[in-house]
Amino acid sequence: TTLHYERAIAALFDRRPELMLPGLRRIRALVHSMGAPQRAFPSIHLTGTNGKTTTARMITSLLMAGGERVGTYTSPHLQDVRERFRVDAQPIAVDDMLAGLDALGPHIERVEQATGEMVTFFEASTALCLWAFARARIDTGVIEVGMGGRFDATNVVDARVAILGRVQLDHPQLGATVGEVAWEKAGIIGTGATVVSANPEGPAAHVIAQEVAERSARLHVLDRDFGVIGRTLTPGGQRISLRGIDDRVFTVDLPLRGAHQAVNAACALAAVQAHRTTPVEPAAVREGFAAVRSPGRLELLSTP
């Protein structure tokens, strides 16, 4: 099994992980061939320049504390590619990874023959994620974009909630100005979706507001509709007070460091409130944030 796994992963990585080809033609054909697994569950879709993976982990923890079964798709991974595909915060099993790659093979072959183009590593990974999450019968997908958003392979998901973290100058391919980058990222906003934005002002805010209007979406903006109203450092991280989109205040302990993580937490809470059809319980919010872990992000490894 180990050899089979190593060969299967090597074949996946032969699909050029460094290649992020814009365009949804191949991924749309791929999920169509697979029977549209992305329609099996609603998704919360995340983009932004920084903080996507940690925010995705926060959302996952909050949803799990509320009793949901959650699939989380992030990138890159630190040690094992299976870190990208998590069900209830745990990487999918080796056997499930192999089953998914086996199931995906004929569909990839069909699409490559039809288009004359290679299905890339990220497109194959995204299709694998959707297959695995549909098979696991998750309640909600938490899906992080690979790069940009508008033409990213993840932009086939059924996203009822879109998070746009702070937009800054990013990969050169996404544009030479913050406004251009924001246009690429705002492309994840679906018709009628709810948008959580960490961009209260500037060119990014203007572009996002335009996209929201064009898509008849609903917009919640950091510092206007939700936000961080207080934070104090603690030995284990920080205690933060967050104002939700319903104006309720939640005071929680977050075992992560940095003011930016408090902003990520505010966005995560707003997204979960927008996603849920019933009010979130304060106890579940406290439990969810207390359980968050984000390896490699200002992670405390030892103390004297």
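For the structure itself, look to the data block above.
Every chain begins its residue count from 1, and numbering advances along the sequence as written. Local features in a predicted model are, by the rule used here, given only for residues with pLDDT of at least 70; side-chain atom pairs are given and counted only at 80 or more, and totals for whole chains, interfaces and linings are based on all residues. Where side-chain values are given, they derive from all heavy atoms of the structure, hydrogens and water being excluded.

Novice: In this structure, what is going on with the pairing of strand 9 (residues 227–234)? I would like to understand it.
Specialist: By the convention used here, strands pair only if DSSP detects at least 2 bridges between them. Secondary structure elements are taken from DSSP: a helix is a run of H or I of four residues or more, a strand is a run of E of two residues or more, and numbering for both begins at the N terminus. Relative to strand 10 (residues 237–243), strand 9 runs antiparallel, the two being bridged by seven bridges. Considered in strand 10, the bridge of Gly230 is made with Ser241. From the end of strand 9 to the start of strand 10, which pair antiparallel, there are two residues.

Novice: Is there a simple way to explain the pattern of salt bridges in this structure?
Specialist: As a working rule, side chains carrying opposite charge can pair if their charged atoms are close by. Just to be clear on terms, a salt bridge is a Lys or Arg side-chain nitrogen sitting within 4 Å of an Asp or Glu carboxyl oxygen. Taken as a whole, this structure holds 15 salt bridges when the rule is applied. Residue Arg25 is joined to Glu117 by a salt bridge in which the shortest nitrogen-to-oxygen separation is 3.2 Å. With Arg25 in helix 2 (residues 25–33) and Glu117 in the loop between helix 4 (94–115) and helix 5 (121–135), the pair connects residues that are 92 residues apart, well separated along the chain. With relative accessibility at 28%, the residue Glu117 sits in the partly exposed group. Between Arg215 and Glu211 there is a salt bridge, with its nearest N and O atoms 3.2 Å apart. Here's how the labels work: a residue is buried when its accessible area is under 20% of the maximum for its type, exposed when over 50%, partly exposed in between, all with a 1.4 Å probe on protein chains only. Residue Arg215 is classed as partly exposed on the basis of its relative accessible area, which comes to 24%. Judged by its relative accessible area of 4%, Glu211 is buried.

Novice: I'm lost on unusual backbone geometry in this one. Help?
Specialist: The bulk of non-glycine residues show a negative phi, and the bulk of peptide bonds are trans. Omega for the peptide link from Ser75 to Pro76 comes to -5°, which places this bond in the cis form. With respect to the helices and strands, the residue Pro76 is situated in the loop between strand 2 (70–73) and strand 3 (85–87). Look at Ala89: it is not a glycine, yet its phi comes out positive at around 70°. One can find Ala89 in the loop between strand 3 and strand 4 (90–91). Residue Ala89 is classed as partly exposed on the basis of its relative accessible area, which comes to 31%. If you check the backbone angles, Ser216 has positive phi at about 50° while not being a glycine. Its place among the elements puts Ser216 in the loop between helix 7 (203–214) and strand 8 (218–221).

Novice: Help me understand helix 9 (residues 282–290), please; the structure alone is not making it clear to me.
Specialist: The α-helix advances 3.6 residues per turn, and as a result positions three or four apart in sequence lie on the same side. Of the residues making up helix 9, those classed as buried are Ala284, Val285, Gly288 and Phe289. Projected down its long axis, helix 9 carries its buried residues within an arc of 125°, all on one side. Those residues of helix 9 that are buried lie in contact with helix 3 (52–65), strand 10, strand 11 (249–254) and helix 8 (259–275). Taken from the helix axis, the directions to the C-beta atoms give the arc we talk about. Any two residues whose heavy atoms approach within 4.5 Å are treated as being in contact.

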